[in-house]
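Take a look at the letters that make up each chain.
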Amino acid sequence: MTTNQALFERAQRVIPGGVNSPVRAFRAVGGTPRFIARAHGAYMWDAEGTRFIDYIGSWGPMILGHGHPAVLEAVQKAALDGFSFGAPTEREVELAEEIIKHVPSVEQVRLVSSGTEAGMSAIRLARGATGRSKIVKFEGCYHGHADALLVKAGSGLATFGHPTSAGVPPEVVQHTLVLEYNNLAQIEEVFATQGHEIACVMIEPIAGNMNFVRAQVPFVQRIGELCTQHGALFVFDEVMTGFRVALGGAQSVYAKLIPGFKPDISVFGKVIGGGMPLAAFGTSRKIMQHLAPLGPVYQAGTLSGNPVATACGLATLKEIAKPGFYEALGAKTQSLVAGLSAAAKAAGVPFAGDSEGGMFGFFFASELPQNYNVVMATDKERFNRFFHGMLDRGVYLAPALYEAGFVSAAHSADDIAATVAAAREALRSA
Ligand code: KE4
């Protein structure tokens, strides 16, 4: 039997770092990545036959668990009818209708193949629709690897960002302002001085790329007000939170707390593809009039709205739209976080956790961080020891301090109990 280590060595000879996406290489936590052979329900099995309770869920898409029968059937049937046509299909329309049905702020969507593509296109659309170049993002939020979004905060508040990646020329990020998440004073100042030049503000409403940090309600409300006041567009990156934290995404959570709240543009991915390459961006019909082939903002994709991927996404959305789905998923996720918290308390370890719907996060810290710097100041070494202690006990958590975790409908109460039991042992010995 080929071991994970042997596969990793072989992979590194032909794929940079042995992976097709950096976080999979376990570099943040150390050790050898597990090469997954198969998955079903709440579980994954690696190349050595070891079973793991899966809290990655492909980084969010697998909200039903792996191999849901209705999804599997839909994909198999669609595949028999053809993989890709490069022409419109009815199912793309059905999926667009289903997304729009659950997200009142969206009147039209464009389907694409990845969250990066969706976020990049949303930015281009915001710039084209407003005729402005400047964009605002927040430290710790990840919106995919489009050049203009690989930026860290500049030296001063109103100065422009610096690239976080080699290969991104400084002039490409010169229009990107990076502010501190949950910092009201900074967003007020930037709009006071540059509001008329800002095309959009892009945010992860619950930042799963900082593990789990909620945008505070007054912060979200104020950004919405300032965008409206200055003619900028508020972009909600719901690639991770969309259809994951609630059927209407994080925006439906905030709409309950901020009367009449709606983002201008929404970005989706992950769950809407059900594990296949599919993402989307949506907004009002008025703003979408700027997009090709109607308007001058170009955007395209060979596999956009792919017939097999749309079958996977549509079957997934049909299942999660069923009554009680999110109530059950949310309660299960809360029980997991409560169990981990109790285990940490029993071990005398500082712990702060949170969850919304099927998304959760936790920190080895006494309280929940509110921004990137505080997240990165939490106990990383303990996190890494805990990660490996859990992995050794058959529980696969996110292999990085700054990543969120995901529970699926397939996780049973026994799986949650087994996870908490493993945590008690791992925390005692770490
Ligand atoms: P993709 O291009 O990876 O499909 O989506 C980019 C993206 C955009 N916006 C948000 C909020 C996201 O979380 C992501 C991707 N999330 C990461 C997990 N932190 C995907 C995992 C990976 O990079 O391998």
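Fair warning: this is a prediction, and the values are worked out from it, not measured in the lab.

**Some points on the site of the ligand**
The ligand sits among 16 residues. The nearest are Ser 21, Thr 116, Asn 209, Asp 237 and Glu 403. Contact between the ligand and Gly 115: an oxygen atom at 2.9 Å from a main-chain N or O atom of the residue. Between a nitrogen atom of the ligand and a side-chain N or O atom of Glu 403, the distance comes to 2.7 Å. Here the ligand, which alone exposes 540 Å², has 85% of that area covered by the protein. Broken down by class, the residue content of the shell around the ligand amounts to five nonpolar, seven polar and four charged. In this structure, the shell around the ligand is formed jointly by two domains, domain 1 (4-67 + 323-428) and domain 2 (69-320), each of which donates at least three residues.

**So, the domain arrangement of the protein chain**
Examined at the domain level, the protein chain breaks down into domain 1 (4-67 + 323-428) and domain 2 (69-320). Each partner contributes residues to the interface: domain 1 has 33 residues there, and domain 2 has 32 residues. The contact between domain 1 and domain 2 buries some 2700 Å² in all, and 58% of this surface belongs to carbon and sulfur atoms. When the area that domain 1 buries against domain 2 is broken down by residue, the three leading residues are Tyr 326, Glu 356 and Met 359, summing to 24%. Counting every contact that joins domain 1 to domain 2 gives two salt bridges. In this structure, Glu 356 engages Arg 214 in a salt bridge whose closest nitrogen and oxygen atoms are separated by 2.8 Å. Applying the counting rule to domain 1 against domain 2 returns 16 residue pairs in polar contact (both at pLDDT 80 or more). Mapped onto the side of domain 1 that touches domain 2, the elements with two or more residues apiece are α10 (325-346), β15 (352-356), β16 (359-363) and α11 (372-376). If one sorts the elements of the side of domain 1 that touches domain 2 by residue count, β16 sits on top with five residues. Among the residues forming the side of domain 1 that touches domain 2, the class breakdown is 21 nonpolar, nine polar and three charged.

**Some points on the layout of surface pockets**
Considering only enclosed or pocket space, the second largest pocket measures out at about 450 Å³ in volume. Contributing to the lining of the second largest pocket are 21 residues, with Pro 88, Glu 92, Leu 111, Ser 304 and Gly 305 lying nearest its centre. Going through the elements one at a time, α3 (90-102) and β4 (108-112) are the ones with two or more residues in the lining of the second largest pocket. Among the residues forming the lining of the second largest pocket, the class breakdown is 10 nonpolar, nine polar and two charged.

**Considering the pattern of salt bridges**
According to the stated counting rule, one finds 11 salt bridges in the structure shown. The closest approach of N and O atoms between Lys 134 and Glu 197, which form a salt bridge, is 3.2 Å. Of the two residues, Lys 134 sits in strand β5 (residues 134-138) while Glu 197 sits in the loop between α5 (184-194) and β9 (198-203), which places them 63 residues apart along the sequence. We classify Lys 134 as buried; its relative accessible area is 11%. Residues joined by salt bridges that share partners form a network here, namely Glu 98, Lys 101 and Lys 318.

**Observations concerning unusual backbone geometry**
Each neighbour pair has its own omega, and for Ala 292 with Pro 293 the value is 10 degrees, a cis peptide bond. Not every positive phi belongs to a glycine, and Ser 58 is a case in point at roughly 65 degrees. The topology assignment puts Ser 58 in the loop between β3 (51-54) and α2 (69-81). Given the relative accessible area of 38%, Ser 58 is considered partly exposed. Positive phi, normally seen in glycine, also occurs at Trp 59, with a value near 70 degrees. By the element assignment, Trp 59 lies in the loop between β3 and α2. A residue is classified by how much of its surface remains accessible, and Trp 59, at 15% relative accessible area, is buried.

The rules behind each value
- Residues numbered from 1 in each chain as written.
- Predicted model: local features only at pLDDT ≥ 70, side-chain atom pairs only at ≥ 80, totals over all residues.
- Heavy atoms only, no water.
- Near = heavy atom within 4 Å.
- Polar contact = N/O pair within 3.5 Å; in protein donor to acceptor, adjacent residues only side chain to side chain.
- Areas by Shrake-Rupley, 256 points an atom, 1.4 Å probe, with all protein chains shown as cover.
- Nonpolar A, V, L, I, M, F, W, Y, C, P; charged D, E, K, R; others polar.
- Domains from an automatic or database assignment.
- Contact = heavy atoms within 4.5 Å.
- Buried area = accessible area lost by both parts, 1.4 Å probe.
- Salt bridge = Lys/Arg side-chain N within 4 Å of Asp/Glu carboxyl O.
- Helix = DSSP H or I, 4+ residues; strand = E, 2+ residues; numbered from the N terminus.
- 1 Å grid on protein atoms, 1.4 Å probe; cavity = no way out; pocket = protein on both sides within 12 Å on 5 of 7 lines; lining within 4 Å.
- Points joined across faces, edges and corners; volume = space filled by probe spheres on them.
- Buried < 20%, exposed > 50% of the residue type's maximum accessible area, 1.4 Å probe, protein only.

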